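Chains, contacts and geometry: an overview
Residue-level listing of the chains:
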There are 2 protein chains.
Amino acid sequence: MDKEIIPEVVVARLPVYAQKLNQFLQEGRAIVSSNELAEQLGITASQIRKDLSYFGGFGKQGSGYDVITLLENLREILNLTHPWKVVLVGVGHLGSALLSYQGFARKGFEIALALDNNPELIGKVISGVEVRPVEQLEEWVKAEGVRLAIITVPASEAQSVADRLTEVGIRAILNYAPVTLKCPDGVHVSDIDPVLILQKMTFYLE
Amino acid sequence: MDKEIIPEVVVARLPVYAQKLNQFLQEGRAIVSSNELAEQLGITASQIRKDLSYFGGFGKQGSGYDVITLLENLREILNLTHPWKVVLVGVGHLGSALLSYQGFARKGFEIALALDNNPELIGKVISGVEVRPVEQLEEWVKAEGVRLAIITVPASEAQSVADRLTEVGIRAILNYAPVTLKCPDGVHVSDIDPVLILQKMTFYLE
DNA sequence: TAGATTGTTAATCGATTAACAATC
DNA sequence: TAGATTGTTAATCGATTAACAATC
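Worth saying up front: this structure is predicted, and the values here are computed from it rather than measured. (Residues numbered from 1 in each chain as written. Chains lettered and ligands numbered in written order. Predicted model: local features only at pLDDT ≥ 70, side-chain atom pairs only at ≥ 80, totals over all residues. Heavy atoms only, no water.)

1. Things to note about the interface of chain B and chain A
Across the boundary between the two partners, chain B contributes 54 residues, which contact 54 residues of chain A. Here chain B packs against chain A, burying approximately 5,700 Å² in sum over the two surfaces, 69% of which is carbon and sulfur. Three residues stand out in chain B for area buried against chain A, namely Phe203, Tyr204 and Leu205 of chain B, and they jointly supply 13% of the buried area on that side. Inspection of the region where chain B meets chain A yields four salt bridges. (Contact = heavy atoms within 4.5 Å. Buried area = accessible area lost by both parts, 1.4 Å probe. Salt bridge = Lys/Arg side-chain N within 4 Å of Asp/Glu carboxyl O.)

Right under this line is the structure:
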């Protein structure tokens, strides 16, 4: 299972498969074929089988995939068998909303640390997490053993926050600030900018 | 400029170029080369020039691209020369945060309509927008002439909201609910699910 | 067994990159 | 003019799809 040779597009689809399998599981489905999965997700069955084949054979000819087994395997492949601590930097409107979102914890992502510069926020407890000063980023990230970060600070501050996070050992950053972050190789950065997405879509509208 | 033959990955990069050009503009830069842009964005200069060549030649051999001119051209290509009205469905934590976010309006996306089912929210004005019942989705979308939608309802309701939006003529949907939406061909759907992105990144962490 | 579906290979398709003539 | 950078072509690289033998 050499991670170097697995295309990133493939890795990105695995959580989508897991999400749909979870849904099937909740609906009480025990078995699912690549065709059914594909139809539900709007992709080809070939692609699903090819994607999974990078990691092994999880299905059974003639019937399909056992929902629970495949889900378990995907969770192991994605390192989701233990919870992950996350640091949230920036507790504005969006940061607060993410802090209140139960979907992270439900999926094993615990926001263990929230940082902001606003004196009125520091010390406040939001969704069970006390807001601490950004100044103390380094010590708290180390103290909590956090591995993942979510950036929800203004665009102008995002790069310097990213730099500090990288410096202190964070290797995966989910960036909500509307800038393209530059991070060293080996640091995984994903940007979520709704404006960029809307701007892509308006291309297709006349 | 036949939109059928332009790869979607290319279209998706244009807003990123525009974003960086905006930044250059604010910094007072008049001219930029594909090399400088590329280095800033972490991609190749070849790719930028190839992408732009789908739409014409905007640069000048020997010097590069005029920042203002290229930005103007990109804005026209992406249909960003006039503002777009957006409907927001679901005014929970995340919906409220998006409603308060000034970045949409600043980029020409006006949230003209906000819908929710919560009786305590209906009639309330948030960031200048009155919350109306989801029940009245069809009439208000028509009345306001909205073309784009943002979905921030719970996962269980997202598909039916998407169906109703599609039915009433919406052709571009930004979906924050953690489900894969199924929409007819011709409807552009982009999903933003932070959990899926974190799950992709944990693959690379041991 | 007969029918169905996987896992995998090979073919196709599409996107990225390198290279360079054109030209400012 | 000399130097630099574009726009574009051709080559490379990589991802998707089709097809089918294997097999449950």
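So, next bit.
2. Structural notes on the domain arrangement of chain A
You can read the domains of chain A as domain 1 (3-77) and domain 2 (84-197). Inter-centroid distance (C-alpha atoms) of domain 1 of chain A to domain 2 of chain A is 30 Å. (Domains from an automatic or database assignment.)

3. What to know about the sheet that holds strand β3 (residues 64-66) of chain B
Residues and elements named next belong to chain B. On the basis of which strands lie adjacent, the open sheet formed by three strands has the order β1-β3-β2 and antiparallel pairing. Among the strands making up the open sheet, the edge pair consists of β1 (31-32) and β2 (59-60). Strand direction decides the pairing type here: β2 and β3, joined by two bridges, are antiparallel. The residue bridging Gly59 from the neighbouring strand is Tyr65, located in β3. (Pairing = 2+ DSSP bridges. Helix = DSSP H or I, 4+ residues; strand = E, 2+ residues; numbered from the N terminus.)

4. Looking at the packing of aromatic side chains
Applying the stated rule across the entire model yields six aromatic pairs over all chains. Arranged with centres 6.2 Å apart and planes meeting at 85°, the rings of Phe55 of chain A and Phe203 of chain B form a pair that is edge-to-face. Note that Phe55 of chain A is positioned in the loop between α3 (45-53) and β2 (59-60) and Phe203 of chain B in the segment after α9 (194-202), a pairing that runs across two chains. Look at Phe55 of chain A and you get buried, because its relative accessible area is 12%. Three or more aromatic residues joined by ring pairs form one cluster here, namely Phe55 of chain A together with Phe203 and Tyr204 of chain B. Positioned above the aromatic ring of Trp140 of chain A, the side-chain terminus of Arg132 of chain A is 3.7 Å from the ring centre. (Phe/Tyr/Trp six-rings, centres within 6.5 Å; stacked < 30°, edge-to-face > 60°. Buried < 20%, exposed > 50% of the residue type's maximum accessible area, 1.4 Å probe, protein only. Lys NZ or Arg CZ within 6 Å of the ring centre and 35° of its normal.)

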